[in-house]
Amino acid sequence: MNKINILMCGNDRVLPGMELAMLSLIRHTDAAVRLYIGTMDLSDINERFRPVTEEMRGALELLLKSKNPESEVILRDFGESFRRDLIHSKNINTGYTPYTMIRLFANEIEDIGDKLLYLDTDVLLQGDVLEIYDLNIDDYHIAGVRDYIGKFFFSPRYLNAGVILFNMNTMRRDRIFEKCILLCNNKKMLLCDQHALNRYAKRRLILNRRFNEQKRTAPDTLIRHFSMTVKLFPYFHTQTVKPWQPELVHSMLGDHSFDDIFKEYDSMHRI
């Protein structure tokens, strides 16, 4: 069986999220994983924007190999590509880090194959990742779940880009990544790369929310995405709770679905 190709992106501060995501992933699958980490050094723009290091890559690879020795983690520096195409983007300073736009360079990964699963660093799995990875998307650009908020404000077919299965063949054929980069470079947008993918990846397979649950974990949830949500009571406000904040996952979300993962993570880092 071929390896599962997964892409996660970020700076050195997202390592806890990547570790938690991979802990939950290997809990439920025996398959070999090829994890690509997209990163870059933009510390000249913001001191927080430092790259994932080789030491961090090695730690993640040891974690994956503990379940399947054939798994591997590949660190990919996209700094040159980003400075070439997006350093002057109108979206360089938003509420989101520039690292979200790295996924738009996925077609530059050598020998990536026909399929790539992109995961945000704030997801946890509750089932076998093969359930989504093995979906037939031959006739589509991407497969994903409707955005919990965006489906009301933008379009009923507006997808959340935190969990996206890419058909790399059709994405390349129709030059979707290049079109998205151009749009992100020239137009200021609230959710720039997510908006761009929704605009240009027109052939979209809409999946059940269990493949990217953005509100509350259910027994059949495959991937829980701890994205920002909107609360109406006692007043209108946004709420953001991340998986590396287990106390808030318990107290604010009342969610104990991943306590075994939190416990294992704590034991890994206990001195």
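As a reminder, the structure under discussion sits directly above these lines.
Residues numbered from 1 in each chain as written. Predicted model: local features only at pLDDT ≥ 70, side-chain atom pairs only at ≥ 80, totals over all residues. Heavy atoms only, no water.

1. So, the overall build of the chain
Assigned secondary structure in the chain consists of 10 helices and 11 strands. C-alpha atoms of the chain, sized along the principal axes, occupy 50 × 45 × 40 Å. Restricting the contact set of the chain to residue pairs at least 6 apart, pairs at least 24 apart contribute 72%. Of note, the chain has its 37 positive side-chain charges centred 8 Å away from the centre of its 37 negative side-chain charges. (Helix = DSSP H or I, 4+ residues; strand = E, 2+ residues; numbered from the N terminus. Contact = heavy atoms within 4.5 Å. Lys, Arg positive; Asp, Glu negative; His and termini not counted. Charge placed at Lys NZ, Arg CZ, Asp CG, Glu CD.)

2. Here's the deal with a nonpolar patch on the surface
Taken together, the side chains of Phe-152, Phe-153, Phe-154 and Leu-190 define a hydrophobic patch exposed on the protein surface, amounting to about 540 Å² of accessible area. Positionally, Phe-152 belongs in helix 5 (residues 150-153). (Patch = residues over 30% accessible without salt bridge, like charges linked within 9 Å, V, L, I, M, F, W, Y side chains within 5 Å. Areas by Shrake-Rupley, 256 points an atom, 1.4 Å probe, with all protein chains shown as cover. Salt bridge = Lys/Arg side-chain N within 4 Å of Asp/Glu carboxyl O.)

3. Observations concerning the sheet that holds strand 7 (residues 163-167)
Taken together, 7 strands build an open sheet; the order of strands is 3-2-1-4-7-6-8 and the sheet is mixed. Each of the sheet's edge strands pairs with one partner strand only, and the pair in question is strand 3 (72-77) and strand 8 (204-207). Averaged over all neighbouring strand pairs, the angle between strand axes comes to 25°, with direction disregarded. As judged from the 5 bridges shared by strand 4 (residues 115-119) and strand 7, these two strands associate in the antiparallel manner. Bridged to Leu-119 within strand 7 is Val-163. Packed onto the sheet, helix 2 (residues 54-65) meets strand 2 (33-39) and strand 3 and runs at close to 155° relative to strand 3. (Pairing = 2+ DSSP bridges. Axes fitted to C-alpha atoms, helices over the stretch in contact; angles between N-to-C directions.)

4. Considerations on the nonpolar core
With 47 residues, the main nonpolar core has Ile-6, Met-22, Leu-35, Leu-117 and Ile-132 as its most contacted residues. For this core, the element with the most residues is helix 1 (residues 15-28), which contributes 8 residues. Not counting the four nearest positions on each side in its chain, Met-22 is found in contact with Met-8, Leu-35, Leu-60, Leu-63 and Leu-64. Counting 39 residues, the second largest nonpolar core, distinct from the first, contains Cys-9, Ile-109, Ile-112 and Ile-176. (Core = buried A, V, L, I, M, F, W, Y, C linked by side-chain atoms within 4.5 Å. Buried < 20%, exposed > 50% of the residue type's maximum accessible area, 1.4 Å probe, protein only.)

5. A closer look at the packing of helix 1 against helix 10 (residues 259-269)
For the pair helix 1 and helix 10, interaxial distance at closest approach is 10 Å and the crossing angle is 120°. Between helix 1 and helix 10, the interaxial angle falls into the category oblique. Considering only the axes of helix 1 and helix 10, their crossing is right-handed. In contact with Pro-16, Glu-19, Leu-20, Leu-23, Ser-24 and Arg-27 of helix 1, helix 10 contributes Asp-260, Ile-261, Phe-262, Glu-264, Tyr-265, Met-268 and His-269. When its residues are assigned to classes, the contact of helix 1 with helix 10 shows 7 nonpolar, 2 polar and 4 charged. (Parallel < 35°, antiparallel > 145°, perpendicular 65-115°, else oblique. Left-handed = near helix turned anticlockwise from the far one by under 90°. Nonpolar A, V, L, I, M, F, W, Y, C, P; charged D, E, K, R; others polar.)

6. As for helix 2
Every α-helical turn comprises 3.6 residues, leaving residues that sit three or four positions apart pointing alike. For helix 2, with 12 residues, the first-to-last C-alpha span of 16 Å sits near the 16 Å given by 1.5 Å per residue. Looking only at helix 2, the buried set comprises Met-56, Arg-57, Leu-60, Glu-61, Leu-63 and Leu-64. In an axial view of helix 2, the angular spread of the buried residues amounts to 155°, which keeps them on one side of the axis. In helix 2, the exposed positions angled more than 90 degrees off the buried face are occupied by Glu-55 and Leu-62. The inward-facing, buried residues of helix 2 contact helix 1, strand 2, strand 3 and helix 10. (Expected span 1.5 Å × (residues − 1). Arc of directions from axis to C-beta.)

7. Digging into the packing of aromatic side chains
By convention here, two paired aromatic rings are described through the distance between centres and the angle between planes. Summed over all chains, the structure comprises 4 aromatic pairs. Ring geometry for Phe-49 and Tyr-99: centres 5.7 Å apart, planes at 80°, overall edge-to-face. With Phe-49 in the loop between strand 2 and helix 2 and Tyr-99 in the loop between helix 3 (79-85) and strand 4, this pair connects stretches of sequence that are 50 residues apart. A relative accessible area of 2% places Tyr-99 in the buried class. Here the aromatic rings of Phe-166 and Phe-177 are separated by 5.4 Å at their centres, their planes lie at 50°, and the arrangement is tilted. Residue Phe-166 is located in strand 7, and its partner Phe-177 is located in helix 7 (residues 176-186); the two are separated by 11 residues in the primary sequence. Its relative accessible area of 0% is what places Phe-166 among the buried residues. The cationic tip of Lys-115 hangs over the ring face of Tyr-133; the distance from NZ or CZ to the ring centre is 5.5 Å. Cation over ring: Arg-224 sits above Phe-226, and NZ or CZ is 4.5 Å from the ring centre. (Phe/Tyr/Trp six-rings, centres within 6.5 Å; stacked < 30°, edge-to-face > 60°. Lys NZ or Arg CZ within 6 Å of the ring centre and 35° of its normal.)

8. Examining the side chain of Gln-214
With respect to the helices, strands and loops of the structure, Gln-214 is situated in the loop between strand 8 and strand 9 (223-225). Classification of Gln-214 as buried rests on a relative accessible area of 5%. In terms of polar contacts, Gln-214 uses its side chain to reach the backbone carbonyl oxygen of Arg-146, at 3.1 Å. Reaching out from Gln-214, the side chain makes a polar contact with the backbone nitrogen of Tyr-148 at a distance of 2.9 Å. Beyond its immediate stretch of four places on either side in the chain, Gln-214 contacts Val-145, Arg-146, Asp-147, Tyr-148, Asn-160, Arg-224, His-225, Ser-227 and Thr-229. (Polar contact = N/O pair within 3.5 Å; in protein donor to acceptor, adjacent residues only side chain to side chain.)

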